[in-house]
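# Observations on the three-dimensional arrangement
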Amino acid sequence: MNMEQYSIYLRPFKEDDYIIINKWRNDSEIQRMVVGPFRFVSLAIERDWVQSKMMNNTKDIYWSICLNDDSGKMIGYTSLNNIDHLNKKACWGGILIGDRDCQDGELVFEAAIMVHEYAFEQLNLNRLYGTHFVEHPFTPSFGLALGWTEEGTLRESVYKNGKYRDLRYCSFLKEDYERMKLNNEFNKEHIIKRFINIQRQKRG
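Now for a description of the structure that goes with this document.

### With respect to the overall build of the protein
Helix and strand content of the protein: seven helices and seven strands. Its helices and strands taken in sequence order, the protein reads β-α-α-α-β-β-β-α-β-α-β-β-α-α from the N to the C terminus. Here the C-alpha radius of gyration of the protein, 17 Å, is about what a compact globule of 204 residues would show, namely 17 Å. For the protein, the C-alpha atoms occupy an extent of roughly 45 × 40 × 40 Å along the three principal directions. Counting every position in the protein, which comprises 204 residues, the buried fraction comes to 46%. Pairs at least 24 residues apart make up 63% of the contacts formed inside the protein by residues separated by at least 6 positions. Accessible area for the protein stands at about 11500 Å²; split by element, carbon and sulfur atoms hold 47% of it. Taken as two groups, the 28 positive and 29 negative side-chain charges of the protein have centres that lie 5 Å from each other.

Shown next, in the form of structure tokens:
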């Protein structure tokens, strides 16, 4: 991977990352479309959580997403969870861009490409899977643009924002990744173009 072409880089959690993560976790607007209940979390609990992810990366790998400039500012995080090395699969924890100045643009696409490259080229996984809210304004088109396949709907699976909500269950295989790479489709420019077209089609 040529890091010069990217505006961000991924790094393992650092101990003091818990401060900014805690700010994002306690932001109800950021957490509104995140799968899972909203809970206020103390700095002490957040610190212990970050430390646990730093010390145990066998089944869960967490990365800070940082700007690839002199600041190295952390703007979000992403993860691979429930890594099953026997069956070569993992749950992609999605991407949280907490820095509001960086939420509109190409950075989320760059982070996604990096996670997929690591999953299939370094961990040699065969399958990624995950869920998202059916009505999420961004994630369904994002997943389709990346080449993910929608496998089904988990009806009223999560209670969020005052109602039970459906989740879409999706997956992405190594053969999908290799086919897109072979056709020069798994790159930022192509994925963004596909995303824009999918969004336009949804709006009619």
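Having seen the structure, we can now continue with the description.
### Structural notes on the pattern of salt bridges
Counted according to the given criterion, the structure contains 12 salt bridges. For Glu106, the salt bridge identified is with Lys188, shortest N-O distance 3.1 Å. Of this pair, Glu106 sits in the loop between strand E4 (89-97) and helix H4 (107-122) while Lys188 sits in helix H7 (residues 188-203), and the two are 82 residues apart along the sequence. On the basis of relative accessibility, which here comes to 40%, the residue Glu106 falls in the partly exposed class. Judged by its relative accessible area of 13%, Lys188 is buried. Between Glu151 and Arg127 there is a salt bridge; the shortest N-O distance is 3.1 Å. Taken together, the positions of Glu151 in strand E6 (residues 149-160) and Arg127 in strand E5 (residues 127-133) put the pair 24 residues apart, joining distant regions of the chain.

### Quick notes on the packing of H4 against H7
The geometry of H4 relative to H7 is characterised by a closest axis approach of 10 Å and an angle of 120 degrees between their N-to-C directions. As summarised for this structure, H4 and H7 are arranged oblique, according to the angle between their axes. Remark: the crossing between H4 and H7 carries right-handed chirality. Where H4 approaches H7, its residues Phe109, Glu110 and Ile113 are matched on the opposing element by Lys188, Ile191, Ile192 and Phe195. Across the contact of H4 with H7, the residue classes break down as five nonpolar, no polar and two charged.

### Focus on the packing of aromatic side chains
By convention here, two paired aromatic rings are described through the distance between centres and the angle between planes. Summed over the entire model, instances satisfying the criterion amount to 20 aromatic pairs. Arranged with centres 5.1 Å apart and planes meeting at 55 degrees, the rings of Phe138 and Phe195 form a pair that is tilted. Of this pair, Phe138 sits in the loop between E5 and helix H5 (139-146) while Phe195 sits in helix H7, placing them 57 residues apart in sequence. Here Phe138 falls in the partly exposed class, since its relative accessible area comes to 26%. Residue placement shows Arg25 over the ring face of Trp49; its charged tip is 4.6 Å from the ring centre.

### Some thoughts on the sheet that holds strand E3 (residues 74-84)
In space, the seven strands of this open sheet follow the order E1-E2-E3-E4-E5-E7-E6, with mixed pairing throughout. Looking along the sheet, the strands with just one partner apiece sit at the ends: strand E1 (8-12) and E6. With direction set aside, neighbouring strand axes in the sheet form an average angle of 30 degrees. Both E3 and E4 contribute to a ladder of six bridges, which runs antiparallel. Residue pairing for E4: Leu80 is matched across the bridge by Trp92.

### Let's talk about the environment of Ile45
You can see Ile45 is positioned in helix H3 (residues 43-55). Ile45 gets classed as exposed once you look at its relative accessible area, which sits at 53%. On a C-alpha basis, the gap between Ile45 and Asn22 in space is 9.1 Å, while along the polypeptide they are 23 residues apart.

### A word on helix H6 (residues 174-182)
Turning to H6, its buried residues are Lys174, Asp176, Tyr177 and Met180. Mapping the buried residues of H6 onto a view down its axis gives an arc of 160 degrees, with all of them on the same face. Exposed residues pointing more than 90 degrees away from the buried face of H6 are listed as Glu175 and Leu182. Looking at the packing, one finds that the buried side of H6 touches H4, H5, strand E7 (163-173) and H7.

Criteria and cut-off values
Residues numbered from 1 in each chain as written. Predicted model: local features only at pLDDT ≥ 70, side-chain atom pairs only at ≥ 80, totals over all residues. Heavy atoms only, no water. Helix = DSSP H or I, 4+ residues; strand = E, 2+ residues; numbered from the N terminus. Rg over C-alpha atoms; globule rule 2.2 N^0.38 Å. Buried < 20%, exposed > 50% of the residue type's maximum accessible area, 1.4 Å probe, protein only. Contact = heavy atoms within 4.5 Å. Areas by Shrake-Rupley, 256 points an atom, 1.4 Å probe, with all protein chains shown as cover. Lys, Arg positive; Asp, Glu negative; His and termini not counted. Charge placed at Lys NZ, Arg CZ, Asp CG, Glu CD. Salt bridge = Lys/Arg side-chain N within 4 Å of Asp/Glu carboxyl O. Axes fitted to C-alpha atoms, helices over the stretch in contact; angles between N-to-C directions. Parallel < 35°, antiparallel > 145°, perpendicular 65-115°, else oblique. Left-handed = near helix turned anticlockwise from the far one by under 90°. Nonpolar A, V, L, I, M, F, W, Y, C, P; charged D, E, K, R; others polar. Phe/Tyr/Trp six-rings, centres within 6.5 Å; stacked < 30°, edge-to-face > 60°. Lys NZ or Arg CZ within 6 Å of the ring centre and 35° of its normal. Pairing = 2+ DSSP bridges. Arc of directions from axis to C-beta.

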